[in-house]
Amino acid sequence: MTEDERWMESALREAEQGKKRNEVPVGAVIVHNSRIIGRGYNQIESLQDPTAHAEMIAITAAAAGLGSRRFEGCTLYVTLEPCAMCAGAIVLARIPRLVFGAPDPKAGACGTLFNIVQDARLNHRVELLGGISGERCGELLSEFFAAVRNKGNGV
């Protein structure tokens, strides 16, 4: 198992926490100096906050832990390709490296629909690696949405 896969396991555990709370199972961790300094899972439904994505929660926690709004030397691991909002936050936080699991064909803003994190017009660009444990990350989401459809509930 590579180091990236090991940290993605931590992000998957966060996604599982969200799933237990009937949230779309997306998890994120931010790693600095080989330790997790921020973690999060989607809390959109429980907080009734459209900005409560796993990445945003992890970024807020990590900023508090670092005592800084700039994330030098950090890597963000997230189970699903970030959306435009989260990609913008990643750029603003100056996160140098992003590793994601499954691509998001409907909202992915880190290579699928857009590539905000590597846009040369912005003042920061992120090293990007997608597809780490992507099959497992995608299966977790597929299983969740299949269960939602079977219950007849919309998320």
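Scroll up to find the structure.
The rules behind each value
Residues numbered from 1 in each chain as written. Predicted model: local features only at pLDDT ≥ 70, side-chain atom pairs only at ≥ 80, totals over all residues. Heavy atoms only, no water. Helix = DSSP H or I, 4+ residues; strand = E, 2+ residues; numbered from the N terminus. Axes fitted to C-alpha atoms, helices over the stretch in contact; angles between N-to-C directions. Parallel < 35°, antiparallel > 145°, perpendicular 65-115°, else oblique. Left-handed = near helix turned anticlockwise from the far one by under 90°. Contact = heavy atoms within 4.5 Å. Nonpolar A, V, L, I, M, F, W, Y, C, P; charged D, E, K, R; others polar.

Engineer: With reference to specific residues and values, describe unusual backbone geometry.
Structural biologist: At Ser-34, a residue that is not glycine, the phi angle is positive and equals roughly 65°. Along the chain, the position of Ser-34 falls in the loop between β1 (27–32) and β2 (35–41). Of note in this structure, Ser-133 is not a glycine but carries a positive phi near 55°. Tracing the backbone shows Ser-133 in the loop between β5 (127–130) and α5 (134–151).

Engineer: Quick one: what's the story with the packing of helix α3 (residues 54–66) against helix α4 (residues 84–92), residue by residue and with numbers?
Structural biologist: Look at α3 against α4: their axes get within 9 Å of each other, and the N-to-C directions meet at 25°. The angle between α3 and α4 falls in the class roughly parallel. The chirality of how α3 crosses α4 is left-handed. Residue-level inspection shows Glu-55, Met-56 and Ile-59 of α3 in contact with α4, the latter providing Met-85, Cys-86, Ala-89 and Ile-90. Here the residues of the contact of α3 with α4 are counted per class, giving 6 nonpolar, no polar and 1 charged.

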